[in-house]
Amino acid sequence: MKLAYWMYAGPAHIGTLRVASSFKNVHAIMHAPLGDDYFNVMRSMLERERDFTPVTASIVDRHVLARGSQEKVIDNITRKDKEQRPDLIVLTPTCTSSILQEDLQNFVARASISSDSDVILADVNHYRVNELQAADRTLEQIVRYFLNKARRQGVLTRSLTDTPSANIIGIFTLGFHNQHDCRELKRLLQDLGIKVNQVIPEGGSVEHLQDLPKAWFNIVPYREVGLMTAKYLEREFGMPYLSTTPMGIVDTAEFIRQMEKYVNSFLSKEKVNYESYINYQTQFVSQAAWFSRSIDCQNLTGKKVVVFGDATHAASITKILVREMGIHVGCAGTYCKHDAEWFNEQVQGFCDEALITEDHTEVADTIARIEPSAIFGTQMERHIGKRLEIPCGVISSPVHIQNFPLGYRPFLGYEGTNQIADSVYNSFTLGMEDHLLDIFGGHDTKEVITKSLSTETDLTWNPESQRELNKIPGFVRGKIKRNTEKFARQEGITTITVDVMYAAKEALST
Amino acid sequence: MNTFEILTFECETGNYHTFCPISCVAWLYQKIEDSFFLVIGTKTCGYFLQNALGVMIFAEPRYAMAELEEGDISAQLNDHEELKRLCLHIKKDRNPSVIVWIGTCTTEIIKMDLEGIAPKVETEIGIPIVVARANGLDYAFTQGEDTVLAAITHRCPEYKSWVDEEDGTEKKVLSVYSERNRDETFKSPNHPPLVLFGSVPSTVASQLDSELKRQSIRVSGWLPAQRYTELPSLGEEVYVCGVNPFLSRTATTLMRRRKCKLIGAPFPIGPDGTRAWIEKICSVFGIKPQGLEERETQIWNNLKDYLDLLRGKSVFFMGDNLLEVSLARFLIRCGMIVYEIGIPYMDKRYQAAELSLLQDTCKKMHIPMPRIVEKPDNYNQIQRMRELQPDLAITGMAHANPLEARGINTKWSVEFTFAQIHGFTNAKDVLELVTRPLRRNNSLEHLGWTNLLQPTII
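Residues numbered from 1 in each chain as written. Chains lettered and ligands numbered in written order. Predicted model: local features only at pLDDT ≥ 70, side-chain atom pairs only at ≥ 80, totals over all residues. Heavy atoms only, no water.

### With respect to the confidence of the model for chain B
Summing up the model confidence of chain B, the mean pLDDT is 89 and the portion of residues at 70 or higher is 90%. Confidence drops under a pLDDT of 50 for residues 182-186 of chain B, and excluding neighbours within four residues, the segment shows 8 contacts in the predicted structure. (pLDDT = per-residue confidence, 0-100. Contact = heavy atoms within 4.5 Å.)

This is how it looks when you write it as structure tokens:
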């Protein structure tokens, strides 16, 4: 048993349901007690989804507990088959009902006989994998199921499309800015004359999965979901895949060069060259490269930040901050423990320390210790930042309704670089504000907010220093207060005067 | 027109969406200020509290998950030792007056003996431990509160009254609550002690207290009280009355285990319900209500603007929080037509007075009795709604946006769980919620954006 207050990644069945409900005309049946079907609420509320979430719970109640499900699950499957005629029905238990150890595979086999739809059981261990791993696995399972079916029917071929084409794998519901990223990727491919063969699972049809191998190569924008599918397709059909995330100017260029390589590997003559496209986009279309050169970005140089998120986003953002903006990353971390090795390798040399943990208090303690000027993290870090009065830009799931903006906010591609630069710039207190800090001035006459994490009361501020502290703008007051107190403690000073404040400032700047 | 008279209950498949009963933690930990709630369940339970309910656990929370891991499920670890370890941790960090263990579906399935372990841990750590089985196998949404209150009922002190031999006056052991509320003008009420049960915000509790005080009735305590240490005394002479329609288990426990006398009244929701509730309490105590009718009329007059919006409009309750019958009765009295009252569970005895008020209201307003559907089937309900085209659907969160996209106005049922809806004063708040979608649409009407679906997906 462990005492838990917060989770970065949800339980396995959420991942399975996210994949199933992203496909068109796929219905999921949950074998679960009343109330476990809150996925429907998340999808409907967060994504502001207009359609009913295609997930139905086959309720596990006291009777089921006593006598087993008997015909209940099968009845629910066949009922949905008749009512909504889905192409596929995915059955999944939850953490709770998986302990019942009912033979769900048997239910699936029996329901398949009387259903027009295909029926499968999501094959996931609910106590060993999290939401992201389960999503990755379920997507692979569905793809494998339909490709095997096509092979049996003899309709499966690896006949390539006439012009270069790619599949985009891993865009799905409740993903962090996934819809915007997908649009941006499609635009990028279109610019390069590469056709999008299929996007899965979001908006994809399982009936068309058999055409996946027609693409020249696969793109996996986020390594959390889609990598298993891409590896399967590589193994089975020799389809190459790109797992470089096109986030930031450097990696987007790298991504395009890899595509060039793959495209050219299929062409015997008239090879493509995307270098001029990369240059044009970098120098003139994307504003981010110009931003890096601009006077604004100069103020970011050497600022210390903490980055935390899923492996893909945390690693990419760390590299962007360091390579493209000259920011100092004090700590880069991820909650994707299963991908620790990859993450460590990616951020090595880009940050002082790497943090791999699922425990938000450990993240909070690290941030408090490092005292960065800004945080780039999840909604959790945003709240940690609020408590410590450190600004935070949200760069990764777990998602919040704020991560489903109505406007266009991709993180990938060249438009993504602009969005990221904006978000980074706006997260810092900069320019004139910085100078105000330097001279301790300000025009904020509000009372000092004493709500800080330092609860020690062994220090007293005399009236003059209190007044001085009041003059400091609210957004940095907490930090100045903490720094001064830290200095006073080091020097063994108990009463803080204005002189001590200045001394503290001097000590810090040397 | 004989449908006026007959109460019929249908029961559907139970394929409906509602919140898990552990969600009661979200409001109970705030209500009982010195408590700590420990939900013993899986990641699925924790993610629900964190995500779907939007209750994020940030600074210094007074509730947590005891997350069951593979070792717990396969019984490799000792439940007693594990729970003791976590509770000691909680004691060190928060030192609450009580720890409430919320059992979940998982603890039911693995048959964890929470009731057996609790007394041991209680002695070991020196903090009372209350066990409530708020699981989704047996209960829906708000019934979680019912399981917690029923469990706390056992912890209320025993009510005793005796004649002091020295000064010859009658002495009583009452709750701290009534001691504090005792004022000079209202020293010794001439009625037996009255305890109200149901979790409502403290302002609502004082509003109801003062409504009863107008009738010279003093409330001796609330279950739950603001603090665990202030629980009311219970016993044979104590009368109890509920304010929430989903507390049938608590009512039964109060009657059977604590020998209290239950006042079966309609619930104090809407001016009509509040009046009926007060009248019923008065009648049990043999008190003639003073100025109650005037008070009700005055409230109705204040609601006039809302009533003009609602009159003749129709509403469909999909069923979620068990407040449905009381709300439907109030809305019918406001002049609305109710097509269907979906409700997860219907205790016909505990809700008897409410159901009979519903019948009377329908008769009075000359409309047929709505159908009451227990354990509804959401899919079938949506088909029925397609036929009926109600002006408003009161629904769980999962269906709100899709219904809105199909041109049906919705209001989240959970809002009625969290808003202040009890008593005369808050009648306005209920109608404020109910009319909001109608008012919103009045201001958007000329735009003609009623159907926001692509033709193929309808």
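Continuing now.
### Regarding the UniProt feature "binding site: [4Fe-4S] cluster" in chain A
Residue and element names in this part refer to chain A. UniProt records the feature "binding site: [4Fe-4S] cluster" for Asp36 in the present numbering. Of note, Asp36 is situated in the loop between strand E2 (26-32) and helix H2 (39-46). Residue classification places Asp36 among the buried positions, given a relative accessible area of 5%. (UniProt positions renumbered as here; feature names shortened; annotations may be inferred. Helix = DSSP H or I, 4+ residues; strand = E, 2+ residues; numbered from the N terminus. Buried < 20%, exposed > 50% of the residue type's maximum accessible area, 1.4 Å probe, protein only.)

### Digging into the side chain of Asp377 of chain B
Along the chain, the position of Asp377 of chain B falls in the loop between strand E14 (371-374) and helix H16 (378-388). Of the residues examined, Asp377 of chain B reaches a relative accessible area of 0% and is grouped as buried. A distance of 2.6 Å separates the side chain of Asp377 of chain B from the side chain of Arg79 of chain A, its partner in a polar contact. Once residues lying within four places of it in the same chain are set aside, the contact partners of Asp377 of chain B are Arg79 of chain A together with Glu12, Thr13 and Asn15 of chain B. (Polar contact = N/O pair within 3.5 Å; in protein donor to acceptor, adjacent residues only side chain to side chain.)

### Describing the UniProt feature "binding site: [4Fe-4S] cluster" in chain B
All names here are of chain B. Sequence positions flagged by UniProt for "binding site: [4Fe-4S] cluster" are, in local numbering, Cys20, Cys45 and Cys105. Spanning 86 residues, the annotated positions come together in the fold, the maximum distance between their C-alpha atoms being 9.8 Å. You can see Cys45 is positioned in helix H2 (residues 43-52). By relative accessible area, Cys45 is classed as buried at 7%. Excluding residues that lie within four positions of it along the chain, Cys45 makes contacts with Ile22, Met65 and Thr104. Here Cys105 shows up in helix H5 (residues 105-109). Overall, the relative accessible area of 6% leaves Cys105 in the buried class.

### Here we look at a nonpolar patch on the surface
Taken together, the side chains of Leu444, Leu447, Trp449 and Leu452 of chain B define a hydrophobic patch exposed on the protein surface, amounting to about 410 Å² of accessible area. Relative to the helices and strands, Leu447 of chain B resides in the segment after helix H19 (427-444). (Patch = residues over 30% accessible without salt bridge, like charges linked within 9 Å, V, L, I, M, F, W, Y side chains within 5 Å. Areas by Shrake-Rupley, 256 points an atom, 1.4 Å probe, with all protein chains shown as cover. Salt bridge = Lys/Arg side-chain N within 4 Å of Asp/Glu carboxyl O.)

### Section: empty space enclosed by the protein
All names here are of chain A. The tally for this structure, following the rule as stated, stands at 9 cavities of 30 Å³ or more. Computed from the structure, the largest cavity encloses a volume of approximately 230 Å³. Contributing to the lining of the largest cavity are 22 residues, with Arg18, Leu132, Gly175, Phe176 and Ser397 lying nearest its centre. Of the residues that constitute the lining of the largest cavity, the class distribution is 13 nonpolar, 5 polar and 4 charged. (1 Å grid on protein atoms, 1.4 Å probe; cavity = no way out; pocket = protein on both sides within 12 Å on 5 of 7 lines; lining within 4 Å. Points joined across faces, edges and corners; volume = space filled by probe spheres on them. Nonpolar A, V, L, I, M, F, W, Y, C, P; charged D, E, K, R; others polar.)

### Things to note about the packing of aromatic side chains
Within this structure, the stated rule accounts for 22 aromatic pairs over all chains. Ring geometry for Tyr8 of chain A and Phe308 of chain A: centres 5.2 Å apart, planes at 50°, overall tilted. A residue pair is termed long-range when its members are at least 10 positions apart, and Tyr8 of chain A in the loop between strand E1 (2-4) and helix H1 (12-22) and Phe308 of chain A in strand E10 (residues 304-309) qualify at 300 residues. Across this residue pair, the class does not change: Tyr8 of chain A and Phe308 of chain A are buried. Here the aromatic cluster, defined as three or more aromatic residues joined through ring pairs, consists of Tyr38 of chain A together with Phe19, Trp27, Phe48, Phe141 and Phe418 of chain B. The lysine or arginine in question, Arg223 of chain A, covers the ring of Trp342 of chain A, its NZ or CZ lying 4.0 Å from the ring centre. (Phe/Tyr/Trp six-rings, centres within 6.5 Å; stacked < 30°, edge-to-face > 60°. Lys NZ or Arg CZ within 6 Å of the ring centre and 35° of its normal.)

### Let's talk about the pattern of salt bridges
Counted by the stated rule, this structure contains 44 salt bridges over all chains. Taking the shortest distance from any N to any O, the salt bridge between Lys72 of chain A and Asp61 of chain A comes out at 3.7 Å. With Lys72 of chain A in helix H4 (residues 72-84) and Asp61 of chain A in the loop between strand E3 (55-59) and helix H3 (62-67), the pair connects residues that are 11 residues apart, well separated along the chain. Three or more residues joined by partner-sharing salt bridges are found here, namely Arg62 of chain A together with Glu108, Glu115, Arg133 and Asp138 of chain B.

### Focus on unusual backbone geometry
The omega angle of the peptide bond from Ile200 of chain A to Pro201 of chain A is -5°, so this bond is cis rather than trans. One non-glycine residue, Gln101 of chain A, adopts positive backbone phi at about 55°. By the secondary structure assignment, Gln101 of chain A is in the loop between helix H5 (95-98) and helix H6 (104-114). Even without being glycine, Phe141 of chain B reaches a positive phi, approximately 30°. Inspection of the secondary structure puts Phe141 of chain B in the loop between strand E5 (129-133) and helix H7 (143-153). A residue is classified by how much of its surface remains accessible, and Phe141 of chain B, at 0% relative accessible area, is buried.

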